[in-house]
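# Working through the structure, step by step
Residues per chain are reported as follows:
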Amino acid sequence: MGEHTLADQGEPGSRGSSAPGRRGRAPEWRLIDGLIAGAPAGHGGVLLVEGPPGIGKSRLLDEAAAAAARAGLDVAGGAADLLTQPIPLSPLMSALGEEPATPSASGAAEQRLRAALERRAAARPLLLTLDDVHWADPMTLLALRSMTRDLSSYPLVWMLARTTGHGDGRRVGHLFDVLTADGATRITLRALDEAAVAEVVADVLGAAPEPDVLDLAGLAAGRPSLLIALLDGLRGEGVLRVGDGRVRTVQERLPRAQAVTGALLRELSPPTGRLLRAAGVLGRSFAVQDLADLLGEPTGRLMPMLEEAISAGVVQAAEHELTFRHDVLWHSVTASIPAPVRQALHRDAGEMLLRRGGSAVPAAAHLIRGATPGDAAALRGLDRAAREVLRTSPGTAADFALRALELSGPADPGRLGRATTAVEALTAVGRLPEAADLARTALGMASPAEALRLRCSLAHILLLSGRPDETLLEAESVLAQSGVPEDLRGAAEWAMFWGLICLNDARPGRQRAQEVLAHRERHTDAVVVGALLLLARLAVVDGRVADSFQHLHEALRLTNRGAAEPVQRPYARLLLSLNHRAMRQFEASELAVRAAEEEIQALGLTVLAAQPALFRSVLRLAAGELDDAADEAQAGMTIAEELGTHGCVRVGAAMLALVALRRGDLDAAVRHVEHYHAVHAAPGMLFGSVWERWATASLAEAQGDPDRAVEILDAIYTDAGERRWALLTTPVMAAWMTRLALGTGNHAYARTVVDTADVLTRENPDFPVVGVSAAHARGILHGDADALATAVTDQPEPWARASAAEDLGALLAAAPGDAGRERAVHHLDQALGDYQHIGALRDAARVRARLRALGVRRRHWSQTQRPAFGWDSLTDTEREVAGLIAQGLTNRQAAERMFLSPHTVSTHLRRIFAKLDIASRVELAGIVAEQHPALLRH
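Residues numbered from 1 in each chain as written. Predicted model: local features only at pLDDT ≥ 70, side-chain atom pairs only at ≥ 80, totals over all residues. Heavy atoms only, no water.

### A few points about the overall build of the protein chain
Per the secondary structure count, the protein chain includes 47 helices and 12 strands. In terms of overall size, the protein chain behaves like a compact globule, its C-alpha atoms giving a radius of gyration of 33 Å where 938 residues would be expected to give roughly 30 Å. Across its three principal directions, the C-alpha atoms of the protein chain cover 115 × 75 × 45 Å. By sequence separation, contacts in the protein chain at least 24 residues apart represent 68% of the contacts at least 6 residues apart. Summed over all atoms, the accessible surface of the protein chain reaches about 36,700 Å², with 52% contributed by carbon and sulfur. Treating the 99 positive side-chain charges of the protein chain as one cloud and the 114 negative ones as another, the clouds have centres 1 Å apart. (Helix = DSSP H or I, 4+ residues; strand = E, 2+ residues; numbered from the N terminus. Rg over C-alpha atoms; globule rule 2.2 N^0.38 Å. Contact = heavy atoms within 4.5 Å. Areas by Shrake-Rupley, 256 points an atom, 1.4 Å probe, with all protein chains shown as cover. Lys, Arg positive; Asp, Glu negative; His and termini not counted. Charge placed at Lys NZ, Arg CZ, Asp CG, Glu CD.)

Right, dumping it as structure tokens:
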């Protein structure tokens, strides 16, 4: 065979790729092949890929997508990009072919995205690849965190890749850590070894490499993308030749300085080189019209240069845009631009996009990188973009405002306004310490009038941080001044009202709230809403549940018309959920939480993201669903700890303590209570006032110190308002506190609780659960079997019903005669079965001891107790979920049918899979169809 150079060798499309695509990646491909093979059987999974630039992450994702398509999977792929980073959810929306999310509709876009992804995964196994996650926007990272977990029951395989040392490394690294802890597989790509390099060289060049070629290939340091680009460049230079199936170098001296990518670019004409540099500033992918406008040239004049760039293999067509063929080529082009020139081009690109009109956000992505200090026009563009997205995408607004602040000189008249915008945006996304520091710094340069707005913002920050006492000081300092603008006075009054609610000391604000409602035409809707919420809280303190509901519905009517500030709007629904839960209207409570959660997502209120989970935790505990209660509490705590919303952390810790006590895990309860006490926040914020005290008191009682428990609850025993609040928001406490008081010899305390419960029953005839709880407490105090029987029959809360049955059984056991003993055993068996059904193992153990005292032995593993695994281990709710999923419903459809959240359905499915030792919806459907077909007919 003759010798020839490789300057013009190779078929179109063969350059830039290793044909097998797997060289040196055998372990990684075993994982990928396993995930792809499992998807048709209904299995999903998450694979995280990371490594330095050029190591082959993108190639791995591309080859995986091709392999998945060959295996019959549906495939979707996208990539994050530095210049589209300000557009929320951009990588995921583009991957699924959804319309790009505008910053003004980011919350709705997330719901649309989730629904689309669930539909596609339900219809056909799906591989979704997402490259360059290090450039992803904050909303994409949050969506990835929740969706990988919530959709884990689907045949959905995720492959997420990030370049280490680039982008938001801390936040993306945290996401990868969380997903790894949740079961994702994480791989770090290493440099190819010598054998793999030789194989890649042979794949690309079509011949076995001689040692001199391998030495030259060593310039790429084992990074596949750099290696392929190097080989392409050398082949283009004609410095390699093939003979007898071997490839060797032609020249003794090689152009090492430009060996990796310079050869391709150097051969281009100067005009084409200049065009590509401008294109590189627009991004790895760019629209031809954008490039023409940036260069001030008609599109037709660019055609020869674009054709040259395409023919040279530097760029290629990609649907409606052109794209650089390799990341390494794009980076090489942009790196060749002197920094000042690159900055100026970004500035020109931003100005060009601003001139077009429409959203300022795409322009701001360039202005962030191109503006110089004092650049008034660029600062106006950043200011406009920040204001545009402040209400709907505050994370993006914070980035714009902070960058504009950096570029503002000390004397810039817009500096303070930018600081105020940044404070508001940082607060909304939960970056509370940063927001507080910036607010305090800005106060130092603010005039007295300007300081008022900052103090209102600081009051809100302190409130969200779990420091309502400091909130009141800031709010009162604003309200004490004369001439305060109406909007700021409204913000300060809102902060005052909500601060009092969070402190559980609403009484000092009663008169002011009543004055606001009496003259509501003088006040903003936000102030009126704050007054209504405070009066709703006071109505419960006064024992008037119906009035509380009326105030909340009126507040909801105002917020529904968009009158209140976005961050204020979800609270009416959250408090409404609290009232419904207290009255044991579980479905209505769940619907209110779901509506609040959707509003929080739609408004981009990351700072409130922990609230729905915590409200659901309280609801799930009342419904007797201990596993769900613990899951929701832990989820809420995790979010709250990240955001620094410490009051929510305390509530979550208290809920976990109560769940642990029900399960009989005293050590875990102690740890959770210690965590609760270690958190620096106002104790007892919002609904936590009762639950937190009950958690600590229950622990003291469980540790054998009932006197300490009474001491913890002393304020409830002795203060009429606190007592009414506790017995209405947590009716089950009436019986528990009565029993505790009698056990410690505090008969007066017990009588006070029962008397209050009876009064509340008479004053709230429309809410029968209040009377049921009063009957239970009265039966304990007076030894009234009929009252206890009423509680057993009418109590809708599972744990409270079991508690009433236990109290009735204990009372009957003390009566003389066999008839009393038989009835006692009956009710104690009922209590035992109910306790075991909900997993209240500590209470079940106590009832077994009572039965043994009556000469009846019930084994710990009795028929009434579920096994740990298998179909019989499923709860009623889990079986209902299993039936709906087996019918082909999506998680969202099942959630709507059962009045649950999709997150809760996902949690049930993970638990079902674990109990049945399966890993897919397909396997679950098979079990239901074969063994429990009746569920398919419901």
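Let's pick the thread back up.
### Some thoughts on the sheet that holds strand β5 (residues 156-163)
Strands sit in the order β3-β4-β5-β2-β6 across an open sheet of five strands; the sheet is parallel. What marks the edges here is a single partner per strand, and that holds for β3 (74-79) and β6 (185-188). Within this sheet the neighbouring strands show an average axis-to-axis angle of 15°, counted without direction. Across the sheet, helix α1 (residues 26-38) lies against β2 (45-51), β5 and β6, angled at about 155° from β2, the strand it touches most. Running over the sheet, helix α2 (residues 57-70) touches β2, β3, β4 (126-131), β5 and β6 and is turned about 165° from β4. (Pairing = 2+ DSSP bridges. Axes fitted to C-alpha atoms, helices over the stretch in contact; angles between N-to-C directions.)

### Let's talk about the pattern of salt bridges
Evaluation of the coordinates by the stated rule reveals 53 salt bridges. Here D203 ties to R23 by a salt bridge, and the two come within 2.7 Å at their closest N and O atoms. On the criterion of sequence distance, the pair formed by D203 in helix α7 (residues 194-205) and R23 in the loop between β1 (4-5) and α1 is long-range, its members being 180 residues apart. Looking at R23, the relative accessible area reads 26%, which means it is partly exposed. For D758, the salt bridge identified is with R778, shortest N-O distance 2.6 Å. Of the two residues, D758 is situated in helix α38 (residues 747-763) and R778 in helix α39 (residues 768-782); the sequence distance between them amounts to 20 residues. Given the relative accessible area of 17%, D758 is considered buried. What emerges from the salt-bridge pattern is a single network uniting E590, E597, R616, R620 and E625. (Salt bridge = Lys/Arg side-chain N within 4 Å of Asp/Glu carboxyl O. Buried < 20%, exposed > 50% of the residue type's maximum accessible area, 1.4 Å probe, protein only.)

### Section: the packing of helix α17 (residues 376-389) against helix α18 (residues 394-407)
One way to put it is that α17 packs onto α18 with a least axis distance of 8 Å and a crossing angle of 155°. As the angle between them shows, α17 and α18 are arranged roughly antiparallel. Where α17 crosses over α18, the two elements pack in a sense that is left-handed. Residues L379, L382, D383, A385, A386 and V389 of α17 form the contact with α18, whose participating residues are P394, T396, A397, F400, A401, R403, A404 and L407. The residue inventory of the contact of α17 with α18, partitioned by class, reads 11 nonpolar, one polar and two charged. (Parallel < 35°, antiparallel > 145°, perpendicular 65-115°, else oblique. Left-handed = near helix turned anticlockwise from the far one by under 90°. Nonpolar A, V, L, I, M, F, W, Y, C, P; charged D, E, K, R; others polar.)

### Thoughts on the sheet that holds strand β11 (residues 315-318)
Reading across the sheet, the three strands line up as β10-β12-β11 and stay open at both edges, with antiparallel pairing between neighbours. The outermost strands of the open sheet, each flanked by one partner alone, are β10 (285-286) and β11. In terms of strand pairing, β11 meets strand β12 (residues 321-324) through four bridges, oriented antiparallel. The residue bridging Q316 from the neighbouring strand is T323, located in β12.

### Quick look at the environment of V204
By secondary structure assignment, the location of V204 is in helix α7. Sequence-wise, V204 and L227 are 23 residues apart; in three dimensions their C-alpha atoms are separated by 9.9 Å.

### As for the packing of aromatic side chains
A full pass over the atoms with the stated rule returns eight aromatic pairs. Geometrically, the ring pair formed by W494 and W498 is stacked, given 5.9 Å between the ring centres and 0° between the ring planes. One end of the pair is W494 and the other is W498, both in helix α23 (residues 486-502) and four residues apart, which spans about a single turn. Its relative accessible area of 4% is what places W494 among the buried residues. Owing to a relative accessible area of 3%, W498 belongs among the buried residues under this scheme. Ring plane angle 70° and centroid distance 5.9 Å describe the contact between W694 and W736, whose orientation is recorded as edge-to-face. One end of the pair, W694, is in helix α33 (residues 688-702); the other, W736, is in helix α37 (residues 733-743), with 42 residues separating them in the sequence. Given the relative accessible area of 2%, W694 is considered buried. Overall, the relative accessible area of 10% leaves W736 in the buried class. (Phe/Tyr/Trp six-rings, centres within 6.5 Å; stacked < 30°, edge-to-face > 60°.)

### Some points on unusual backbone geometry
Phi is positive for D244, close to 55°, though the residue is something other than glycine. Take D244: it is sitting in the loop between β8 (240-243) and β9 (246-249). Owing to a relative accessible area of 62%, D244 belongs among the exposed residues under this scheme. One non-glycine residue, D917, lies in positive phi territory at about 55°. Among the secondary structure elements, D917 is positioned in the loop between α46 (902-916) and α47 (921-931).

### Looking at helix α40 (residues 785-794)
What α40 keeps buried is the set A787, L788, A791 and V792. One side of α40 carries all its buried residues, which in axial view fall inside an arc of 140°. Turned more than 90 degrees away from the buried face of α40, the exposed residues are D786 and T793. On its buried face, α40 sits against α39, α41 (798-813) and α42 (818-838). Two or three places before D786, at the start of α40, stands the capping residue D784, its side-chain oxygen 3.0 Å from that residue's backbone nitrogen. (Arc of directions from axis to C-beta. Polar contact = N/O pair within 3.5 Å; in protein donor to acceptor, adjacent residues only side chain to side chain.)

### Focus on the packing of helix α20 (residues 432-443) against helix α21 (residues 448-464)
Between α20 and α21, the least distance of the axes is 10 Å, while the angle of their chain directions is 155°. By the angle class used here, α20 and α21 are roughly antiparallel. For the pair α20 and α21, the sense of crossing is left-handed. Facing L432, A435, A436, A439, R440, A442 and L443 of α20, the residues of α21 in contact are A451, L454, R455, L458, I461, L462 and L464.

### Some remarks on the side chain of S408
Inspection of the secondary structure puts S408 in the loop between α18 and α19 (415-428). Overall, S408 belongs to the buried group, its relative accessible area being 7%. Filtering out sequence-adjacent residues up to four positions away, S408 remains in contact with L379, R415 and R418.

### A few points about the pairing of β12
Looking at chain direction, β10 and β12 are connected through two bridges and run antiparallel. Within β12, the position partnered with F286 by the bridge is L322. Hairpin connection, β11 to β12: the antiparallel pair is bridged by two residues, and E319 has positive phi, about 55°.

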